[in-house]
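Take a look at the letters that make up each chain.
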Amino acid sequence: MNTRFLGNSGVRVSELCFGAMTFGGKGYWTGIGQVQQKEADELVGMAIDGGINFFDTADVYSEGLSEQILGKALGKKRKDIVLATKVRGRTGPGPNDVGLSRRHIVDSCNASLMRLGTDYIDLYQVHSFDPRTPLEETLRALDDLVRGGKVRYIGASNFAGWQLMKALAISERQNLERFVTLQAFYSLIARDLENELVPLSLDQGLGILPWSPLGGGFLTGKYRRGRPRPQGARRSDPANQFLQFDEEKGFDIVDELERIASNHRATITQAALNFLLRKPGVTSVIIGAKTNEQLGDTLKTADWEMAPEEVSRLDELSRPPRAYPYWMLEGMARDR
Ligand SMILES: NC(=O)c1ccc[n+]([C@@H]2O[C@H](COP(=O)([O-])OP(=O)(O)OC[C@H]3O[C@@H](n4cnc5c(N)ncnc54)[C@H](OP(=O)(O)O)[C@@H]3O)[C@@H](O)[C@H]2O)c1
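Residues numbered from 1 in each chain as written. Predicted model: local features only at pLDDT ≥ 70, side-chain atom pairs only at ≥ 80, totals over all residues.

Looking only at helices and strands, one finds 11 helices and 10 strands in the protein chain. For a compact globule of 336 residues, the expected C-alpha radius of gyration is about 20 Å, and the protein chain comes in at 20 Å, within 12% of that figure. In terms of overall dimensions, the protein chain has C-alpha extents of about 55 × 50 × 40 Å along its principal axes. Residues classed as buried in the protein chain amount to 46% of the 336 residues present. (Helix = DSSP H or I, 4+ residues; strand = E, 2+ residues; numbered from the N terminus. Rg over C-alpha atoms; globule rule 2.2 N^0.38 Å. Buried ≥ 20, exposed ≤ 12 C-beta atoms within 10 Å, placed from the backbone.)

When you line up the elements, P213 lands in the loop between β9 (207–211) and α7 (247–263). It is 15 Å that separates the C-alpha atoms of P213 and I32, two residues lying 181 residues apart in sequence.

Moving on, we come to the environment of E137. Within the element layout of this structure, E137 appears in helix α4 (residues 135–147). A count of 15 C-beta atoms within 10 Å places E137 in the partly exposed class. As a C-alpha pair, E137 and F18 span 119 residues in sequence and 31 Å in three-dimensional space. The contacts of E137, once residues within four sequence positions are left out, are S101 and R102. (Contact = placed C-beta atoms within 7 Å.)

Moving on to the site of the ligand. The immediate surroundings of the ligand are formed by 30 residues, with G19, M21, L214, G217 and G288 found nearest. The set of elements that each furnish at least two residues to the shell around the ligand consists of β10 (285–287) and α9 (292–299). Examining the composition of the shell around the ligand, we find that 3 residues originate from one element, α9, more than from any other. When grouped by side-chain class, the residues that make up the shell around the ligand number 9 nonpolar, 16 polar and 5 charged. (Near = placed C-beta within 6 Å. Nonpolar A, V, L, I, M, F, W, Y, C, P; charged D, E, K, R; others polar.)

Further remarks concern helix α2 (residues 65–74). Counting buried positions over the 10 residues of α2 gives 9, a clear majority of the element. What α2 keeps buried is the set L65, S66, E67, Q68, I69, L70, G71, A73 and L74. Two residues or fewer after α2 comes G75, characterised by a positive phi angle close to 50°.

Within a regular strand, side chains alternate between the sheet's two faces. Of all 6 residues that make up strand β5 (residues 82–87), 6 are buried, and the element is covered over most of its length. Residues of β5 alternate between two faces, with V82, A84 and K86 on one and L83, T85 and V87 on the opposite face, all of them buried. Examined bridge by bridge, strand β4 (residues 54–56) and β5 share 3 bridges and lie parallel to one another. The residue bridging F54 from the neighbouring strand is V82, located in β5. Read from β4 through α2 to β5, the crossover connection turns out right-handed. Here β5 runs beside strand β6 (residues 121–126); their pairing, made up of 4 bridges, is parallel. Following the sheet pairing, K86 is matched in β6 by Q125. Taken together, β5, helix α3 (residues 102–116) and β6 form a β-α-β motif whose crossover is right-handed. (Pairing = 2+ DSSP bridges. Right-handed = clockwise from strand over helix to strand, strands pointing away.)

Here we come to the sheet that holds β9. One open sheet accounts for 8 strands, arranged β9-β8-β7-β6-β5-β4-β3-β10; its pairing is parallel. A single partner strand is all that each edge strand has here, and the edge strands are β9 and β10. Each neighbouring strand pair of the sheet contributes to a mean axis angle of 30°, computed without reference to strand direction. The strands touched by helix α6 (residues 193–204) are β8 (181–185) and β9; relative to β8, the strand with the most contacts, the crossing angle is about 165°. (Axes fitted to C-alpha atoms, helices over the stretch in contact; angles between N-to-C directions.)

To continue, consider helix α8 (residues 268–277). Buried residues dominate α8, accounting for 10 of its 10 residues. Within α8, the full set of buried residues consists of I268, T269, Q270, A271, A272, L273, N274, F275, L276 and L277.

With that settled, the discussion passes to unusual backbone geometry. Note the cis peptide between Y324 and P325, where omega equals 5°. The topology assignment puts P325 in the loop between α10 (308–318) and α11 (326–333). The backbone phi angle of S62 is positive, close to 50°, even though this residue is not glycine. Non-glycine residue N175 carries a positive phi angle of around 55°. By secondary structure assignment, the location of N175 is in the loop between α5 (161–173) and β8. The class for N175 is exposed, based on 8 C-beta atoms found within 10 Å.

Running from amino to carboxyl end, helix α1 (residues 37–49) crosses α2 at an angle of 55°, the nearest separation of the two axes being 9 Å. In terms of orientation, α1 and α2 fall into the oblique class. Both α1 and α2 take part in a crossing whose hand is right-handed. Across the interface between the two elements, Q37, A40, D41 and V44 of α1 pack against I69, K72, A73 and L74 of α2. A breakdown of the residues in the contact of α1 with α2 according to their chemical character gives 5 nonpolar, 1 polar and 2 charged. (Parallel < 35°, antiparallel > 145°, perpendicular 65-115°, else oblique. Left-handed = near helix turned anticlockwise from the far one by under 90°.)

Okay, here's the thing in C-alpha coordinates:
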(Lines give C-alpha, C1' and ligand atoms only; values in the text may rest on other atoms or scores of the structure.)
Protein backbone atom coordinates (compact mmCIF):
# COMPACT_ATOMS: atom_id res chain seq x y z
CA MET A 1 0.00 0.00 0.00
CA ASN A 2 1.26 3.50 -0.82
CA THR A 3 2.15 5.91 1.94
CA ARG A 4 1.67 9.68 1.92
CA PHE A 5 2.95 12.51 4.08
CA LEU A 6 0.62 13.48 6.92
CA GLY A 7 -0.11 17.02 5.76
CA ASN A 8 2.97 19.23 5.95
CA SER A 9 4.59 16.97 8.55
CA GLY A 10 7.49 14.64 7.84
CA VAL A 11 5.67 11.47 8.92
CA ARG A 12 4.27 9.01 6.38
CA VAL A 13 0.99 7.15 6.73
CA SER A 14 -0.72 4.48 4.63
CA GLU A 15 -3.31 5.86 2.20
CA LEU A 16 -5.96 3.87 4.06
CA CYS A 17 -6.34 4.45 7.79
CA PHE A 18 -8.20 1.91 9.95
CA GLY A 19 -10.92 3.55 12.06
CA ALA A 20 -11.86 1.72 15.25
CA MET A 21 -15.33 3.21 15.78
CA THR A 22 -16.88 -0.27 15.40
CA PHE A 23 -14.90 -1.58 18.41
CA GLY A 24 -16.65 -1.96 21.77
CA GLY A 25 -20.42 -1.63 21.36
CA LYS A 26 -21.36 0.50 24.35
CA GLY A 27 -23.97 3.24 24.79
CA TYR A 28 -24.72 5.32 21.69
CA TRP A 29 -22.12 3.36 19.70
CA THR A 30 -23.85 -0.03 19.97
CA GLY A 31 -25.61 0.49 16.63
CA ILE A 32 -22.34 1.26 14.88
CA GLY A 33 -20.47 -1.88 15.85
CA GLN A 34 -19.90 -4.33 18.68
CA VAL A 35 -16.53 -5.76 17.71
CA GLN A 36 -14.95 -7.42 20.76
CA GLN A 37 -11.26 -8.09 21.52
CA LYS A 38 -10.82 -11.38 19.65
CA GLU A 39 -12.37 -10.08 16.43
CA ALA A 40 -10.56 -6.76 16.84
CA ASP A 41 -7.22 -8.60 17.15
CA GLU A 42 -7.96 -10.27 13.82
CA LEU A 43 -9.06 -7.08 12.08
CA VAL A 44 -6.03 -5.14 13.31
CA GLY A 45 -3.67 -7.98 12.30
CA MET A 46 -5.26 -8.12 8.87
CA ALA A 47 -5.04 -4.35 8.43
CA ILE A 48 -1.34 -4.34 9.33
CA ASP A 49 -0.62 -7.31 7.05
CA GLY A 50 -2.43 -5.41 4.30
CA GLY A 51 -0.03 -2.47 4.67
CA ILE A 52 -1.97 -0.16 7.01
CA ASN A 53 0.22 1.72 9.51
CA PHE A 54 -2.34 4.37 10.52
CA PHE A 55 -5.15 3.83 13.07
CA ASP A 56 -7.81 6.24 14.31
CA THR A 57 -10.10 6.19 17.35
CA ALA A 58 -11.61 8.66 19.86
CA ASP A 59 -12.02 8.85 23.62
CA VAL A 60 -15.81 8.86 23.25
CA TYR A 61 -16.17 5.78 20.99
CA SER A 62 -18.01 3.18 23.07
CA GLU A 63 -17.18 5.29 26.12
CA GLY A 64 -13.47 4.51 25.99
CA LEU A 65 -13.77 0.82 25.07
CA SER A 66 -12.67 1.44 21.46
CA GLU A 67 -9.34 2.92 22.62
CA GLN A 68 -8.85 0.10 25.11
CA ILE A 69 -9.54 -2.66 22.57
CA LEU A 70 -7.43 -0.98 19.87
CA GLY A 71 -4.48 -0.46 22.24
CA LYS A 72 -4.56 -4.13 23.25
CA ALA A 73 -4.95 -5.33 19.66
CA LEU A 74 -1.91 -3.29 18.57
CA GLY A 75 0.21 -4.61 21.46
CA LYS A 76 3.90 -4.74 20.56
CA LYS A 77 3.17 -3.61 17.00
CA ARG A 78 2.28 -0.16 18.32
CA LYS A 79 5.83 1.13 17.80
CA ASP A 80 5.43 0.86 14.00
CA ILE A 81 2.00 2.50 13.99
CA VAL A 82 0.88 6.10 13.62
CA LEU A 83 -1.85 6.21 16.26
CA ALA A 84 -4.56 8.88 16.26
CA THR A 85 -7.27 9.66 18.79
CA LYS A 86 -9.52 12.61 19.67
CA VAL A 87 -10.73 14.83 22.49
CA ARG A 88 -13.74 17.13 22.89
CA GLY A 89 -16.83 14.95 23.41
CA ARG A 90 -18.47 14.33 26.78
CA THR A 91 -16.62 11.74 28.88
CA GLY A 92 -18.57 12.08 32.15
CA PRO A 93 -21.47 13.90 33.82
CA GLY A 94 -19.44 16.81 35.25
CA PRO A 95 -19.38 20.37 33.88
CA ASN A 96 -15.70 19.96 32.93
CA ASP A 97 -16.03 16.53 31.33
CA VAL A 98 -16.51 18.02 27.87
CA GLY A 99 -14.99 20.61 25.55
CA LEU A 100 -11.56 21.94 24.70
CA SER A 101 -10.53 23.64 27.94
CA ARG A 102 -6.95 23.09 29.11
CA ARG A 103 -8.36 21.07 31.98
CA HIS A 104 -10.41 18.68 29.84
CA ILE A 105 -7.67 18.30 27.23
CA VAL A 106 -4.95 17.40 29.75
CA ASP A 107 -7.17 15.02 31.73
CA SER A 108 -8.49 13.39 28.56
CA CYS A 109 -5.05 12.94 27.07
CA ASN A 110 -3.85 11.15 30.20
CA ALA A 111 -6.95 8.94 30.20
CA SER A 112 -6.51 8.08 26.49
CA LEU A 113 -2.84 7.18 27.04
CA MET A 114 -3.88 4.79 29.82
CA ARG A 115 -6.61 3.13 27.75
CA LEU A 116 -4.42 2.86 24.66
CA GLY A 117 -1.56 1.43 26.74
CA THR A 118 0.99 3.78 25.23
CA ASP A 119 3.02 6.75 26.42
CA TYR A 120 2.49 8.93 23.35
CA ILE A 121 -0.23 9.69 20.81
CA ASP A 122 1.01 10.34 17.27
CA LEU A 123 -1.92 12.48 16.13
CA TYR A 124 -4.11 14.11 18.78
CA GLN A 125 -7.21 15.62 17.19
CA VAL A 126 -9.82 18.00 18.52
CA HIS A 127 -13.09 16.26 17.65
CA SER A 128 -14.88 19.52 16.76
CA PHE A 129 -14.85 23.23 17.50
CA ASP A 130 -15.67 24.35 21.07
CA PRO A 131 -17.54 27.67 20.93
CA ARG A 132 -17.03 28.30 24.67
CA THR A 133 -13.24 27.96 25.02
CA PRO A 134 -10.84 30.52 23.53
CA LEU A 135 -8.79 28.90 20.75
CA GLU A 136 -5.64 30.32 22.41
CA GLU A 137 -6.31 28.17 25.51
CA THR A 138 -6.92 25.04 23.43
CA LEU A 139 -3.87 25.51 21.21
CA ARG A 140 -1.55 26.28 24.13
CA ALA A 141 -2.74 23.17 25.99
CA LEU A 142 -2.09 21.07 22.84
CA ASP A 143 1.30 22.73 22.39
CA ASP A 144 2.24 21.84 25.99
CA LEU A 145 1.33 18.21 25.32
CA VAL A 146 3.63 18.18 22.29
CA ARG A 147 6.50 19.83 24.24
CA GLY A 148 5.97 17.31 27.07
CA GLY A 149 6.24 14.36 24.63
CA LYS A 150 2.75 12.97 25.15
CA VAL A 151 1.60 14.04 21.70
CA ARG A 152 3.55 14.23 18.42
CA TYR A 153 1.22 16.03 15.99
CA ILE A 154 -2.12 17.76 16.34
CA GLY A 155 -5.14 17.78 14.06
CA ALA A 156 -8.63 19.25 13.78
CA SER A 157 -11.94 17.60 12.98
CA ASN A 158 -15.37 19.01 12.15
CA PHE A 159 -14.36 22.67 11.98
CA ALA A 160 -15.90 25.38 9.79
CA GLY A 161 -13.49 27.17 7.46
CA TRP A 162 -13.26 30.37 9.50
CA GLN A 163 -12.68 28.45 12.74
CA LEU A 164 -9.86 26.42 11.24
CA MET A 165 -8.20 29.41 9.59
CA LYS A 166 -8.44 31.39 12.85
CA ALA A 167 -6.79 28.51 14.73
CA LEU A 168 -3.94 28.29 12.19
CA ALA A 169 -3.39 32.05 12.41
CA ILE A 170 -3.22 31.93 16.22
CA SER A 171 -0.69 29.09 16.09
CA GLU A 172 1.42 31.09 13.66
CA ARG A 173 1.27 34.35 15.60
CA GLN A 174 1.95 32.75 18.99
CA ASN A 175 4.47 30.22 17.75
CA LEU A 176 2.37 27.26 18.83
CA GLU A 177 2.04 23.82 17.25
CA ARG A 178 -0.28 24.00 14.27
CA PHE A 179 -2.81 21.49 13.04
CA VAL A 180 -1.38 19.20 10.36
CA THR A 181 -4.65 17.48 9.40
CA LEU A 182 -8.36 17.99 8.98
CA GLN A 183 -10.59 14.98 9.62
CA ALA A 184 -13.95 15.58 7.94
CA PHE A 185 -17.09 13.99 6.45
CA TYR A 186 -16.16 13.55 2.79
CA SER A 187 -17.35 11.09 0.16
CA LEU A 188 -19.29 10.82 -3.08
CA ILE A 189 -22.50 11.58 -1.19
CA ALA A 190 -20.98 14.45 0.84
CA ARG A 191 -18.80 16.91 -1.04
CA ASP A 192 -19.71 20.11 0.84
CA LEU A 193 -16.09 20.22 2.01
CA GLU A 194 -15.01 21.24 -1.48
CA ASN A 195 -16.56 24.71 -1.07
CA GLU A 196 -14.23 26.01 1.64
CA LEU A 197 -12.29 23.37 3.55
CA VAL A 198 -10.56 21.64 0.63
CA PRO A 199 -9.17 24.92 -0.81
CA LEU A 200 -8.16 25.94 2.72
CA SER A 201 -6.38 22.63 3.32
CA LEU A 202 -4.52 22.87 0.00
CA ASP A 203 -3.50 26.47 0.72
CA GLN A 204 -2.38 25.70 4.28
CA GLY A 205 -0.82 22.27 3.65
CA LEU A 206 -3.24 20.32 5.84
CA GLY A 207 -3.77 16.64 5.06
CA ILE A 208 -7.44 15.73 4.66
CA LEU A 209 -8.60 12.54 6.38
CA PRO A 210 -12.11 11.68 5.12
CA TRP A 211 -14.38 10.03 7.72
CA SER A 212 -17.38 7.83 6.83
CA PRO A 213 -16.04 7.55 3.26
CA LEU A 214 -18.78 5.00 2.42
CA GLY A 215 -21.55 7.09 3.98
CA GLY A 216 -21.83 4.57 6.83
CA GLY A 217 -21.97 1.62 4.40
CA PHE A 218 -24.32 3.15 1.79
CA LEU A 219 -21.69 3.17 -0.98
CA THR A 220 -21.04 -0.57 -0.85
CA GLY A 221 -23.79 -1.81 -3.17
CA LYS A 222 -25.94 -3.36 -0.45
CA TYR A 223 -28.39 -0.45 -0.63
CA ARG A 224 -29.97 -0.30 -4.10
CA ARG A 225 -32.94 1.52 -5.56
CA GLY A 226 -36.12 -0.54 -5.23
CA ARG A 227 -34.48 -3.40 -3.31
CA PRO A 228 -35.04 -4.31 0.37
CA ARG A 229 -32.47 -2.87 2.77
CA PRO A 230 -30.00 -5.28 4.40
CA GLN A 231 -30.72 -6.32 7.98
CA GLY A 232 -28.26 -5.78 10.83
CA ALA A 233 -26.42 -3.00 9.02
CA ARG A 234 -25.89 0.56 10.21
CA ARG A 235 -28.35 2.04 7.70
CA SER A 236 -30.96 -0.72 7.98
CA ASP A 237 -33.46 1.76 9.41
CA PRO A 238 -33.50 4.89 7.21
CA ALA A 239 -35.54 6.86 9.77
CA ASN A 240 -32.89 6.54 12.46
CA GLN A 241 -29.73 7.95 10.87
CA PHE A 242 -27.01 10.32 12.04
CA LEU A 243 -25.68 10.84 8.49
CA GLN A 244 -28.19 12.73 6.37
CA PHE A 245 -27.85 12.73 2.59
CA ASP A 246 -29.94 12.40 -0.56
CA GLU A 247 -30.30 8.62 -1.03
CA GLU A 248 -32.01 9.00 -4.44
CA LYS A 249 -28.95 10.78 -5.82
CA GLY A 250 -26.83 8.20 -3.96
CA PHE A 251 -28.48 5.32 -5.85
CA ASP A 252 -27.42 6.90 -9.20
CA ILE A 253 -23.86 7.17 -7.88
CA VAL A 254 -23.88 3.51 -6.78
CA ASP A 255 -25.03 2.49 -10.30
CA GLU A 256 -22.10 4.38 -11.84
CA LEU A 257 -19.68 2.95 -9.27
CA GLU A 258 -20.82 -0.53 -10.31
CA ARG A 259 -20.02 0.22 -13.97
CA ILE A 260 -16.58 1.58 -13.09
CA ALA A 261 -15.82 -1.26 -10.67
CA SER A 262 -16.60 -3.85 -13.36
CA ASN A 263 -13.95 -2.24 -15.63
CA HIS A 264 -11.36 -3.10 -12.97
CA ARG A 265 -12.83 -6.42 -11.70
CA ALA A 266 -13.28 -4.56 -8.43
CA THR A 267 -16.20 -3.88 -6.07
CA ILE A 268 -18.46 -0.87 -5.56
CA THR A 269 -16.87 -0.32 -2.14
CA GLN A 270 -13.36 -0.21 -3.62
CA ALA A 271 -14.50 2.19 -6.35
CA ALA A 272 -16.07 4.57 -3.80
CA LEU A 273 -12.86 4.66 -1.75
CA ASN A 274 -10.64 4.82 -4.83
CA PHE A 275 -12.45 8.00 -5.97
CA LEU A 276 -11.53 9.73 -2.68
CA LEU A 277 -7.89 8.70 -3.01
CA ARG A 278 -7.76 10.63 -6.31
CA LYS A 279 -9.08 13.87 -4.77
CA PRO A 280 -6.68 16.78 -4.13
CA GLY A 281 -5.61 17.23 -0.52
CA VAL A 282 -6.61 13.76 0.69
CA THR A 283 -3.86 12.06 2.68
CA SER A 284 -5.54 8.94 4.02
CA VAL A 285 -9.11 7.63 3.85
CA ILE A 286 -10.41 6.35 7.20
CA ILE A 287 -12.14 3.04 6.64
CA GLY A 288 -14.46 1.20 9.03
CA ALA A 289 -15.22 -2.53 9.18
CA LYS A 290 -17.18 -4.95 11.31
CA THR A 291 -15.97 -8.19 9.70
CA ASN A 292 -12.89 -9.70 8.05
CA GLU A 293 -14.84 -9.98 4.77
CA GLN A 294 -15.56 -6.24 4.75
CA LEU A 295 -11.95 -5.37 5.54
CA GLY A 296 -10.63 -7.85 2.95
CA ASP A 297 -12.73 -6.11 0.30
CA THR A 298 -11.73 -2.61 1.41
CA LEU A 299 -8.01 -3.37 1.55
CA LYS A 300 -8.03 -4.24 -2.17
CA THR A 301 -8.80 -0.57 -2.91
CA ALA A 302 -5.06 0.04 -2.81
CA ASP A 303 -4.43 -2.53 -5.58
CA TRP A 304 -5.79 -0.45 -8.48
CA GLU A 305 -6.24 3.15 -9.64
CA MET A 306 -9.35 4.73 -11.04
CA ALA A 307 -8.79 6.32 -14.47
CA PRO A 308 -9.04 10.15 -14.69
CA GLU A 309 -12.09 9.95 -17.00
CA GLU A 310 -13.85 7.70 -14.48
CA VAL A 311 -13.09 10.18 -11.70
CA SER A 312 -14.52 12.97 -13.93
CA ARG A 313 -17.74 11.02 -14.55
CA LEU A 314 -18.26 10.54 -10.83
CA ASP A 315 -17.34 14.17 -10.20
CA GLU A 316 -20.08 15.31 -12.59
CA LEU A 317 -22.69 12.92 -11.21
CA SER A 318 -22.08 13.76 -7.56
CA ARG A 319 -21.43 17.48 -7.91
CA PRO A 320 -23.21 19.32 -5.06
CA PRO A 321 -25.03 22.62 -5.66
CA ARG A 322 -22.55 25.53 -5.46
CA ALA A 323 -23.37 27.89 -2.57
CA TYR A 324 -22.71 31.64 -2.70
CA PRO A 325 -20.06 33.13 -2.79
CA TYR A 326 -18.30 30.10 -4.28
CA TRP A 327 -20.13 30.09 -7.65
CA MET A 328 -19.34 33.78 -8.06
CA LEU A 329 -15.70 33.41 -7.03
CA GLU A 330 -15.32 30.53 -9.48
CA GLY A 331 -16.66 32.71 -12.30
CA MET A 332 -14.32 35.59 -11.40
CA ALA A 333 -11.32 33.24 -11.18
CA ARG A 334 -11.88 32.17 -14.80
CA ASP A 335 -11.08 35.74 -15.87
CA ARG A 336 -7.58 35.69 -14.26
N1 LIG B 1 -14.25 12.75 13.26
C2 LIG B 1 -15.50 12.32 13.27
O3 LIG B 1 -16.42 13.04 13.67
C4 LIG B 1 -15.79 10.94 12.77
C5 LIG B 1 -17.13 10.56 12.54
C6 LIG B 1 -17.36 9.27 12.05
C7 LIG B 1 -16.29 8.39 11.81
N8 LIG B 1 -15.01 8.81 12.07
C9 LIG B 1 -13.84 7.91 11.81
O10 LIG B 1 -13.98 7.34 10.52
C11 LIG B 1 -13.93 5.91 10.61
C12 LIG B 1 -14.79 5.31 9.53
O13 LIG B 1 -16.13 5.76 9.66
P14 LIG B 1 -17.34 4.84 9.25
O15 LIG B 1 -17.27 3.56 9.98
O16 LIG B 1 -18.57 5.65 9.37
O17 LIG B 1 -16.95 4.57 7.69
P18 LIG B 1 -17.78 4.06 6.45
O19 LIG B 1 -16.75 3.47 5.56
O20 LIG B 1 -18.62 5.13 5.88
O21 LIG B 1 -18.73 2.91 7.02
C22 LIG B 1 -18.20 1.71 7.52
C23 LIG B 1 -19.31 0.69 7.61
O24 LIG B 1 -19.73 0.31 6.30
C25 LIG B 1 -19.98 -1.09 6.26
N26 LIG B 1 -18.94 -1.68 5.38
C27 LIG B 1 -17.61 -1.39 5.35
N28 LIG B 1 -16.98 -2.08 4.41
C29 LIG B 1 -17.92 -2.82 3.79
C30 LIG B 1 -17.88 -3.75 2.71
N31 LIG B 1 -16.74 -4.03 2.09
N32 LIG B 1 -19.05 -4.33 2.34
C33 LIG B 1 -20.20 -4.04 2.96
N34 LIG B 1 -20.30 -3.18 3.99
C35 LIG B 1 -19.17 -2.58 4.41
C36 LIG B 1 -19.88 -1.57 7.71
O37 LIG B 1 -21.11 -1.31 8.39
P38 LIG B 1 -22.42 -2.24 8.31
O39 LIG B 1 -21.95 -3.65 8.24
O40 LIG B 1 -23.16 -1.89 9.54
O41 LIG B 1 -23.14 -1.80 7.07
C42 LIG B 1 -18.86 -0.60 8.27
O43 LIG B 1 -18.90 -0.51 9.67
C44 LIG B 1 -14.39 5.62 12.05
O45 LIG B 1 -13.93 4.37 12.51
C46 LIG B 1 -13.75 6.77 12.80
O47 LIG B 1 -12.39 6.46 13.05
C48 LIG B 1 -14.75 10.07 12.54
